[in-house]
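Below are the chains, spelled out letter by letter.
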Amino acid sequence: MGWNKVAIVGVAQLKFGEHFDKSYEAMIEEVYLDLLASVDKGVEPGEIQAGWIGTGVASLGGWEAVSGSSLAGCVGLTGIPVTRVENGCPTGSDAFRNACLGVASGVYDVVLVIGCEKMRDKPSDEGLLAMGSVGHAILTRAGTAPAQFAPQATRHMHEFGTTKEQMAMVAVKNHYNGTLCPYSHYQYEVTIEDVLNSPMVCWPFNLLDCCPITDGAAGAILCRADLAGKYTDRPVYVAGFGMASTHQFAFEQEDFTSFNATVKAAEQAYKMAGVGPEDIDVVEAHDCFTMTEIINYEDLGFCEKGKGGELIESGETQLSGRIPWNPSGGLLAKGHPLGCTGIAQITELVWQLRGDIISGQSEKSQKRQVEVKNGYALQHNVGGRGVGNSCVTILTIRKD
Amino acid sequence: MVGIVGYGTYLPRYRIRVEEIAKVWGSRGRGEKSVNATDEDAITMAVEAGLNAIQCSGIDPSTGIDAIYLATDSSPYIEQSPTGRIKEVLGMGAEVDIADFMASPRASIAALKASVDAIETKRVKNSLILGADCRPAEPGSDLELTFGVGAGALVLGTDGIMAEVEDIYTYSTAFVDRWRGRQDDFVRSYDYRFTREYGYVNHVVSAVNGLLKKMGATIEQFQHVVLQEPDGRVPREAAAELGIKKEQISGSIFGEVGDTGASSVLIGLAAVLERAKPGERILAVSYGSGTSDALSFVVLDEIDKNRGRRPSLECYLKNKEYIDYPKYMRFTGFLRQSGEELRLPVPPTSPYMMRGSAELYTLMGAKCTRCGFINFPPSMRKICVRCGGTELEQVRVSKRGRVYTYCINYYMPPPLEAPLPLIFADLHDGPRYEAMGTEMRPEDVKIGMEVELVLRRLTVERGVSVYGYKFRPSRGID
């Protein structure tokens, strides 16, 4: 029996991409309106009692002042409490977690959480540097976003013999999935050869081992589980969540073949939800880089330590496989607008659990819709400087 | 009695054949010269030579050295002493005196003389002399064919002397043969046919003759003669005039490294000290800007004590990689990569940098007295991240370690250069440490390889040179 004190009654996201014509505020406004419209029985703006806005790197990329006003001020909800969340790559899912806590505390009945990131107002390479070199003025000076995850990949290859071909298979899978998802930034398939032949960015990552730099926004409306019926007959419940903040600098971590923060966040989430990996029908986990998905398989308990390469090779995590991972295209194809990603993953999983994807009725949506057998979905992010932060959310369509 | 109790040198890895330079400009040349990597300057080279000399002396730098004198014509500054930073990196305290000697390639001997005086007055017990030069040469000029780079260092003291300073004589006039004005980017030189005779040869011969007369000695009494080498010709001419025989000329490496300026005589001395025998006499002669110093050293029994212990000059001479002219232009700063420079998030003179000196310059860790884990960086760790203990003590960490993992950046903004390895290495008796790799090509980087931390120049911002540690493949010598 999961925690299930909070229900998701509406979700929305914008198509991810390079939205040179949309400002940060415009993306928030657009997704907010889609979000209101997504609630089956409707919701009035006046019913929303609090908000959380997840934007992870705007101070590096966009220069907007960091406060809750970024949300309240542009959607006409001035006067409600809004918390701005910045927590590295898990910003969106941590904003979501805090929104759940706000409802579970009993202080708020209906709340709003939006994630939005404007990353392309800067050239991609400047943005990658800005994200990666923070932490210490000198000690982490040459860090880039790929350099946060690449040393772990090098070590995993060294200790377990994971290959670049196996890494490439993750990109092949997720790029294919992206072609089925209208919200995905990238809409093209790749082969293993394409990945291996793409330009080297940060050994061992070639260009196609990396997610794109993307703008996007996503949101959810949450309410007390017992009030959900007012808004929808098909709520999705938050069965559990976990969050872990670990080391500050990468060199402080002992084992580079695993993200300790993921392991700890997952432990908390599984315990709170009363389920294990075997109960999960579909996963949206943090594949910022190909090897990261392989490590996530192990850290989230879907295979033994060191066997992640075998799992991707087995095909079991494909849409047609036993446990589909990243049906949306993942970060690799769909994109990673930092503060938005976690909430967008939750949006995809809500649609999957509800069967909303198949209602799109196209051949593509038929392929993208997974079979919901147990009624549980798992969302995961990991990141932040030194990759020391992770958030895991378990959603369920089950009422028990 | 004052003398040399330790010596060391440093040469960068890179060389360019003089012919490679000459043919760009339509002329010819021979020999080769040393070239600094983009992240090296006179200061980084002086540090490494200094470390070698200190290790040779066996003295603990945190307690046993009372003064550092730096001699260079390539200081990053017109006003500001870089020696304060050198002193910090070498692990010496605030009570250690510093001084900067400039304005002439002869400055290292001026520093040596001042040191001898300070030791003889007993104000200083042991001093460290550093001579380093990294002078830019104007493309297409004669000096481009001869200017090399390098550093030399001596520890002077009264105990455990390897070579005693016997006597000194200086001959100095207002002669101008090479100069660099305040507005000049490069050193200029005047009519070589005039200056070689009236400059170098005249002053060197006068200085040596002055010393011999003062000592009542003859040139035959010196088994080794080390002459400053601004080129390959004038030392031979001066030697011929002084009756110095070919077998007496020692430490001549101009053909392999070029004119190393303020470090020339110190490097030449080191070459001699590597093989001199007790009882032998060394004549060392400097020249620069119309001044020549002639010094006599007597080699003592202690000379054998540290042979083979630290990177020898021979190691630096042999450990070399040739580069071509475009790369030389890039290394020496004439070719700059396009793009916005990566700027520090705080000014280089920020208190942030001062607070961080224990991790940035002196390489300390914060060891937990409860569980033994060495936390890093020490200025940011007052509580042990492993056990929560609050009693942490600062310890020096080893500069050497093994690569645990790495990645390699293929796109970097200036002033960084791609491909750029980022190395995570486990330091011996120390924490895991992350730093950029230097002198490493992608194919060179391997998990498990031995690396060592070396001080390099990271950037120059707002006119301030900012230094930091990078991993270099270990030279295999302790």
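Every chain's residues receive numbers from 1 upward, in the order its sequence appears when written. Whichever chain is written first becomes A and whichever ligand is written first becomes 1, with later ones labelled in order. Given that the model is predicted, a residue must reach a pLDDT of at least 70 before its local features are reported, and side-chain atom pairs must reach 80 or more before they are shown or counted; all residues, however, enter totals for whole chains, interfaces and linings.

1. Quick notes on the environment of Ala114 of chain B
Right, so step 1: Helical segments are the DSSP runs of H or I of at least four residues, strand segments are the runs of E of at least two, and each set is numbered from the N terminus. Within the secondary structure layout, Ala114 of chain B lies in helix α5 (residues 107-120).
Right, so step 2: Between the alpha carbons of Ala114 of chain B and Gly160 of chain B there is a distance of 20 Å; along the sequence they are 46 residues apart.

2. Some thoughts on helix α6 (residues 192-215) of chain B
Residues and elements named next belong to chain B.
Right, so step 1: With 24 residues, α6 extends 32 Å between its outermost C-alpha atoms, agreeing within 8% with the 34 Å of an ideal straight helix rising 1.5 Å per residue.
Right, so step 2: Here the bend at each residue means the angle between axes fitted to two seven-residue stretches, the one ending at that residue and the one beginning there. The principal kink in α6, of about 30°, is found at Asn202.
Right, so step 3: Exposure in this text rests on C-beta crowding, where 20 or more other C-beta atoms within 10 Å of a residue's own make it buried, 12 or fewer make it exposed, and counts in between make it partly exposed. The C-beta atoms are placed from the backbone. All buried positions along α6 are accounted for by Gly199, Tyr200, Val201, Asn202, His203, Val204, Val205, Ala207, Val208, Leu211 and Leu212.
Right, so step 4: Placing a C-beta atom from the backbone of each residue, one calls two residues in contact when those atoms lie within 7 Å. Looking at the buried side of α6, the elements it contacts are β8 (163-172), β11 (224-227), α7 (234-242), β12 (281-285) and β13 (291-299). By this rule the span expected of a helix is its residue count minus one, scaled by 1.5 Å.

3. Notes on the domain arrangement of chain B
All names here are of chain B.
Right, so step 1: Note that domain bounds follow an automatic or database assignment of domains. Looking at chain B, the domain boundaries give domain 1 (3-331), domain 2 (344-397) and domain 3 (398-478).
Right, so step 2: A separation of 28 Å is found between the C-alpha centroids of domain 1 and domain 3.
Right, so step 3: Every contact between the two is made by 17 residues of domain 1 and, on the other side, 12 residues of domain 3.
Right, so step 4: Counting only elements with at least two residues in the side of domain 1 that touches domain 3, the list comes to α2 (42-57) and α4 (83-89).
Right, so step 5: Ranked by the residues each element gives to the side of domain 1 that touches domain 3, the list is headed by α2, at 4 residues.
Right, so step 6: A class-by-class count of the residues in the side of domain 1 that touches domain 3 yields 7 nonpolar, 3 polar and 7 charged. Ten residues, namely Ala, Val, Leu, Ile, Met, Phe, Trp, Tyr, Cys and Pro, are considered nonpolar, four, namely Asp, Glu, Lys and Arg, are considered charged, and the remaining ones, Gly among them, are considered polar.

4. So, the interface of chain A and chain B
Many descriptions give the size of an interface as the accessible area lost when the pieces come together.
Right, so step 1: With 24 residues of chain A in contact, the opposing surface of chain B contributes 31 residues.
Right, so step 2: Residue assignment for the side of chain A that touches chain B shows that the elements contributing at least two residues are α5 (124-132), α6 (145-160) and β5 (200-203) of chain A.
Right, so step 3: Of the residues forming the side of chain A that touches chain B, the biggest block, 6 residues, is contributed by α6 of chain A.
Right, so step 4: Each residue belonging to the side of chain A that touches chain B can be placed in one class, and the counts come to 15 nonpolar, 4 polar and 5 charged.
Right, so step 5: In this analysis, strands are considered paired if DSSP registers two or more bridges between them. As defined by bridge partners, β5 of chain A adjoins strand β18 (residues 400-409) of chain B across 2 bridges and the pair is classed as antiparallel. Along β18 of chain B, the bridge assignment pairs Trp203 of chain A with Ile408 of chain B.

5. Quick look at the pairing of β5 of chain A
All names here are of chain A.
Right, so step 1: Across 2 bridges, the pairing between β5 and strand β6 (residues 205-206) is antiparallel. Within β6, the residue paired with Cys202 across the bridge is Phe205.
Right, so step 2: Between the antiparallel neighbours β5 and β6 lie 1 residue.

6. Some words on the nonpolar core
Right, so step 1: Residues of type Ala, Val, Leu, Ile, Met, Phe, Trp, Tyr and Cys that are buried and joined through C-beta atoms within 7 Å form what is called a nonpolar core. Among the nonpolar cores identified, the biggest contains 276 residues, and Val113, Leu222 and Leu395 of chain A together with Ala46 and Leu130 of chain B are the most heavily contacted of them.
Right, so step 2: The dominant element in this core, judged by the number of residues it contributes, is α2 of chain B, at 10 residues.
Right, so step 3: Setting aside its immediate chain neighbours within four residues, Leu130 of chain B contacts Ala46, Ala49, Gly50, Ile68, Leu70, Ala71, Ile86, Ala151 and Ala153 of chain B.

7. A short note on the packing of α6 of chain B against α7 of chain B
Residue and element names in this part refer to chain B.
Right, so step 1: Whenever a helix is involved, its axis is fitted only over the stretch in contact; in every case the axis is a line through C-alpha atoms, and angles between N-to-C directions fall within 0 to 180 degrees. The geometry of α6 relative to α7 is characterised by a closest axis approach of 9 Å and an angle of 45° between their N-to-C directions. As judged from the angle between their axes, α6 and α7 are oblique. Taken as a pair, α6 and α7 cross one another with a handedness that is right-handed. Seen from α6, the contacting residues are Arg196, Tyr200, Val201, Val204, Val205 and Val208; seen from α7, they are Val234, Glu237, Ala238, Glu241 and Leu242.
Right, so step 2: Looking at side-chain class alone, the contact of α6 with α7 contains 8 nonpolar, no polar and 3 charged residues. An angle counts as roughly parallel when it lies under 35 degrees, as roughly antiparallel when it exceeds 145, as roughly perpendicular when it falls between 65 and 115, and as oblique in every other case. Should the near helix be turned counterclockwise from the far one by less than a right angle, the crossing is left-handed, whereas a clockwise turn marks it as right-handed.

8. Section: unusual backbone geometry
Right, so step 1: Here the amide bond leading from Phe376 of chain B into Pro377 of chain B is cis, since omega sits at 0°, within 30 degrees of zero.
Right, so step 2: Residue placement: Pro377 of chain B occurs in the loop between β16 (374-375) and β17 (392-396).
Right, so step 3: In this structure, the amide linkage connecting Pro414 of chain B to the following residue, Pro415 of chain B, adopts the cis form with an omega of 5°.
Right, so step 4: On the secondary structure map, Pro415 of chain B appears in the loop between β18 and β19 (420-427).
Right, so step 5: Within the chain, Val387 of chain A stands out as a residue other than glycine whose phi angle is a positive 50°.
Right, so step 6: With respect to the helices, strands and loops of the structure, Val387 of chain A is situated in the loop between β10 (376-383) and β11 (389-396).

9. Topic: the sheet that holds β17 of chain B
All names here are of chain B.
Right, so step 1: Strand order in the open sheet formed by 3 strands is β16-β15-β17, and the pairing between neighbours is antiparallel. Each edge of the sheet is formed by a strand with only one pairing partner; in this case those strands are β16 and β17.
Right, so step 2: For strand β15 (residues 364-368) and β16, the ladder comprises 2 bridges, and the chain directions are antiparallel. Paired with Ala366 across the two strands is Asn375, which belongs to β16.

10. Digging into the sheet that holds strand β14 (residues 321-322) of chain B
All names here are of chain B.
Right, so step 1: In space, the 3 strands of this open sheet follow the order β3-β2-β14, with mixed pairing throughout. Of all the strands in the sheet, the pair left with one neighbour each is β3 (32-35) and β14.
Right, so step 2: By the bridge criterion, 2 bridges tie strand β2 (residues 14-17) to β14 in an arrangement that is parallel. Residue pairing in the sheet places Tyr14 in a bridge with Glu321 of β14.

11. Let's talk about helix α7 (residues 164-180) of chain A
Helical geometry: 3.6 residues make up each α-helical turn, so side chains three or four residues apart lie on a common side.
Right, so step 1: In a regular helix each residue adds 1.5 Å, so 17 residues correspond to 24 Å; α7 of chain A covers 25 Å between its end C-alpha atoms and thus fits that length.
Right, so step 2: In terms of burial, α7 of chain A is a largely internal element, 13 of the 17 residues being buried.

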